[in-house]
Amino acid sequence: MYINKVIIYGNLTRDPELKALPSGITVTSFSLATNRVYKDAQGARQEATDYHNIVVFGRQAETAAQYLKKGSGVFVEGRLQTRS
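A short note on the side chain of Thr34
Argument step 1. Assignment of secondary structure puts Thr34 in strand 3 (residues 26–39).
Argument step 2. We classify Thr34 as buried; its relative accessible area is 15%.
Argument step 3. Among the polar contacts made by the side chain of Thr34, one reaches the side chain of His52 at a distance of 2.9 Å.
Argument step 4. Discounting residues that sit within four places of it in the chain, Thr34 has contacts with Ile8, Tyr9, Gly10, Ala48, Thr49, Asp50 and His52.

Section: the side chain of Thr28
Argument step 1. Residue placement: Thr28 occurs in strand 3.
Argument step 2. Only 2.7 Å separates the side chain of Thr28 from the backbone oxygen of Ala61, close enough to count as a polar contact.
Argument step 3. Not counting residues up to four positions away in its chain, the partners in contact with Thr28 are Pro16, Glu17, Leu18, Ile54, Val55, Val56, Ala61, Glu62, Ala64 and Ala65.

Some remarks on the pairing of strand 1 (residues 6–12)
Put simply, side chains in a regular strand alternate between the two faces of the sheet.
Argument step 1. Of the pairings in the sheet, the one linking strand 1 to strand 5 (residues 73–78) comprises six bridges and is antiparallel in character. Bridge pairing in strand 5 places Val6 opposite Gly78.
Argument step 2. Relative to strand 3, strand 1 runs antiparallel, the two being bridged by two bridges. In the sheet register, Asn11 faces strand 3, and the bridge partner there is Ala33.

The rules behind these values
Residues numbered from 1 in each chain as written. Predicted model: local features only at pLDDT ≥ 70, side-chain atom pairs only at ≥ 80, totals over all residues. Heavy atoms only, no water. Helix = DSSP H or I, 4+ residues; strand = E, 2+ residues; numbered from the N terminus. Buried < 20%, exposed > 50% of the residue type's maximum accessible area, 1.4 Å probe, protein only. Polar contact = N/O pair within 3.5 Å; in protein donor to acceptor, adjacent residues only side chain to side chain. Contact = heavy atoms within 4.5 Å. Pairing = 2+ DSSP bridges.

The following block contains the structure:
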């Protein structure tokens with residue numbers, strides 16, 4: 001058995017964008033920023049930011065577009081898919 005599960009907490013970098021597919025299914029996309037603080041080899045405090053593109057389908061897409069705004073803290077749970 002394989003597991004593909006990811007949990008991310010971050011802040012929205014832009015307002016969610018709601019669209020509809022030709023089949024009528026709604027899709028919302030947005031981007032999350034996650035920060036990481038660490039010490040480098042010299043012991044200096046460093047901060048790094050990673051950006052994650054999130055896509056939500058169906059009723060959850062409508063809810064996300066309705067309630068989420070740029071800067072909101074969001075907890076996302078789902079599967080990871082790499083696209084080229």
